[in-house]
There are 2 protein chains.
Amino acid sequence: MDRIPILKLGGALIVTIQVDMHDRLALALEEDLTARIVATGAGGVLIEISALEIVDSFIGRVLDNIAAVSRALDAETVVVGMRPAVAITLVELGLTLSGIKTALNVERGMAMIRARLDRDAVDGPGSAHGRHED
Amino acid sequence: MDRIPILKLGGALIVTIQVDMHDRLALALEEDLTARIVATGAGGVLIEISALEIVDSFIGRVLDNIAAVSRALDAETVVVGMRPAVAITLVELGLTLSGIKTALNVERGMAMIRARLDRDAVDGPGSAHGRHED
């Protein structure tokens, strides 16, 4: 497996993490996501991690990076489906994932992204971010 | 990886196949899907296979089984994201996947499932399938 599939659905990109992340895969995911955000104009990225039994500092950094890069492209990242044990371990490790929004499940995460898209539709896209459209 | 995550979104269950299927994983997916269909009352199952470079007779049978079991529970299965090379190989192998509906991508597949849910909402659920509600 050299690529993690990215699903486009209603203004959002959905990624399900199912395999152990390694450097190359994480980098490929970051590249693919940024390319898809630009190609589709998606306003949100939803990352589903219910298959992950461990979120260590490496995965935390990968998620942080994806969120930062997406934000630079004016898309919001929401991590959903975190297992209870993972949440406990994160706190114990002192990893707060402070740059990342979380939601309990896909439906709530999609609602967050939709709310943001609706807000943009009223205010104009990226009004708070100074995005340039050309 | 012992389980493939199943995402619930708006009346549909979404599964992304990313790893090589083996007997046990296919069986676990079938069981999980049926349990989730019953628990959520989902009207459709969307299976995304863009990560699969090969769809052989085993995978074909797994998809057929999932579609048949879902149909028995009054849910429609749509396979999306098939690679062009996979479609060509399927035809060359004589595998027609006749029991399975396909759509080009997730958005079209979700539209098919939504259309079916809307139809059910008008006609009553499972009117054409003789489903018993109790």
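Residues numbered from 1 in each chain as written. Chains lettered and ligands numbered in written order. Predicted model: local features only at pLDDT ≥ 70, side-chain atom pairs only at ≥ 80, totals over all residues. Heavy atoms only, no water.

Asker: Give me the overall build of chain A: which residues, what numbers.
Answerer: Across its full length, chain A holds 4 helices and 5 strands. Moving toward the C terminus, one meets the helices and strands of chain A in the order β-β-α-β-α-β-α-β-α. In summary, chain A has a C-alpha radius of gyration of 15 Å against a globular reference of 14 Å for 134 residues, a match within 12%. For chain A, the accessible area works out to roughly 6800 Å², and carbon and sulfur atoms hold 53% of it. Put simply, chain A has 13 plus and 19 minus side-chain charges, and the middle of one group is 3 Å from the middle of the other. (Helix = DSSP H or I, 4+ residues; strand = E, 2+ residues; numbered from the N terminus. Rg over C-alpha atoms; globule rule 2.2 N^0.38 Å. Areas by Shrake-Rupley, 256 points an atom, 1.4 Å probe, with all protein chains shown as cover. Lys, Arg positive; Asp, Glu negative; His and termini not counted. Charge placed at Lys NZ, Arg CZ, Asp CG, Glu CD.)

Asker: Pulling in residues and values, what's your account of the sheet that holds strand 4 (residues 76-80) of chain B?
Answerer: Residues and elements named next belong to chain B. Spatial strand order, 1-2-3-4-5: 5 strands in an open sheet with mixed pairing. Two strands lie at the open edges of the sheet, namely strand 1 (6-9) and strand 5 (101-103), each paired on one side alone. Neighbour-to-neighbour, the strand axes of the sheet open up by a mean angle of 25°, direction not taken into account. Here 3 bridges tie strand 4 to strand 5, and the two strands are oriented parallel to one another. Looking across to strand 5, one finds that V78 is bridged to K101. Against the sheet, helix 1 (residues 23-40) engages strand 1, strand 2 (12-16) and strand 3 (44-48), with an angle of about 160° to strand 2. (Pairing = 2+ DSSP bridges. Axes fitted to C-alpha atoms, helices over the stretch in contact; angles between N-to-C directions. Contact = heavy atoms within 4.5 Å.)

Asker: Residue-level account of the nonpolar core, with values.
Answerer: Ranked by internal contacts, the top residues of the largest apolar core, which has 59 residues, are I17, M21 and L29 of chain A together with I17 and M21 of chain B. Top element by residues in this core is helix 2 (residues 57-72) of chain A. It accounts for 6 residues. In contact with I17 of chain B, other than residues within four places in its own chain, are I4, L29, I47, E48, I49, A51 and L52 of chain B. L7, L46 and V106 of chain A together with L9 of chain B belong to the second-largest nonpolar core, a separate cluster that totals 22 residues. (Core = buried A, V, L, I, M, F, W, Y, C linked by side-chain atoms within 4.5 Å. Buried < 20%, exposed > 50% of the residue type's maximum accessible area, 1.4 Å probe, protein only.)

Asker: Provide a residue-level description of the confidence of the model for chain A, including the pertinent values.
Answerer: The predicted model of chain A has a mean per-residue pLDDT of 88, with 92% of residues at 70 or higher. Reported confidences for the modelled complex are a pTM of 0.86 and an ipTM of 0.82. (pLDDT = per-residue confidence, 0-100.)

Asker: Which residues make up helix 2 (residues 57-72) of chain B, and what values go with them?
Answerer: Residue and element names in this part refer to chain B. With 16 residues, helix 2 extends 22 Å between its outermost C-alpha atoms, agreeing within 8% with the 22 Å of an ideal straight helix rising 1.5 Å per residue. Along helix 2, the residues that are buried comprise I59, G60, V62, L63, I66, A67 and S70. One side of helix 2 carries all its buried residues, which in axial view fall inside an arc of 160°. Looking at the buried residues of helix 2, the elements they touch are helix 1, strand 3 and strand 4. Positive phi appears at D74, one or two residues downstream of helix 2, with a value of about 65°. (Expected span 1.5 Å × (residues − 1). Arc of directions from axis to C-beta.)

Asker: Please give an account of the pattern of salt bridges that cites residues and values.
Answerer: Residue and element names in this part refer to chain B. Throughout the structure, instances matching the rule amount to 10 salt bridges over all chains. In this structure, E76 engages K101 in a salt bridge whose closest nitrogen and oxygen atoms are separated by 2.8 Å. With E76 in strand 4 and K101 in strand 5, this pair connects stretches of sequence that are 25 residues apart. A relative accessible area of 13% means that E76 is categorised as buried. A residue is classified by how much of its surface remains accessible, and K101, at 41% relative accessible area, is partly exposed. Note that D120 and R116 form a salt bridge whose closest N and O atoms lie 3.2 Å from each other. With a gap of 4 residues between them, D120 and R116 both fall in helix 4 (residues 106-123), about one helical turn apart. (Salt bridge = Lys/Arg side-chain N within 4 Å of Asp/Glu carboxyl O.)

Asker: Break down the pairing of strand 2 of chain B for me, with residues and values.
Answerer: Residue and element names in this part refer to chain B. For strand 2, a buried count of 5 out of 5 residues is recorded, marking the element as mostly surrounded by other parts of the structure. Here strand 2 shows two buried faces, one formed by A12, I14 and T16 and the other by L13 and V15. Relative to strand 2, strand 1 runs antiparallel, the two being bridged by 4 bridges. Bridging across to strand 2, L7 finds its partner in I14. Between strand 1 and the antiparallel strand that follows it, strand 2, lie 2 residues; G10 among them carries a positive phi value of about 50°. For strand 2 and strand 3, the ladder comprises 5 bridges, and the chain directions are parallel. Within the sheet, the bridge partner assigned to I14 lies in strand 3 and is L46.

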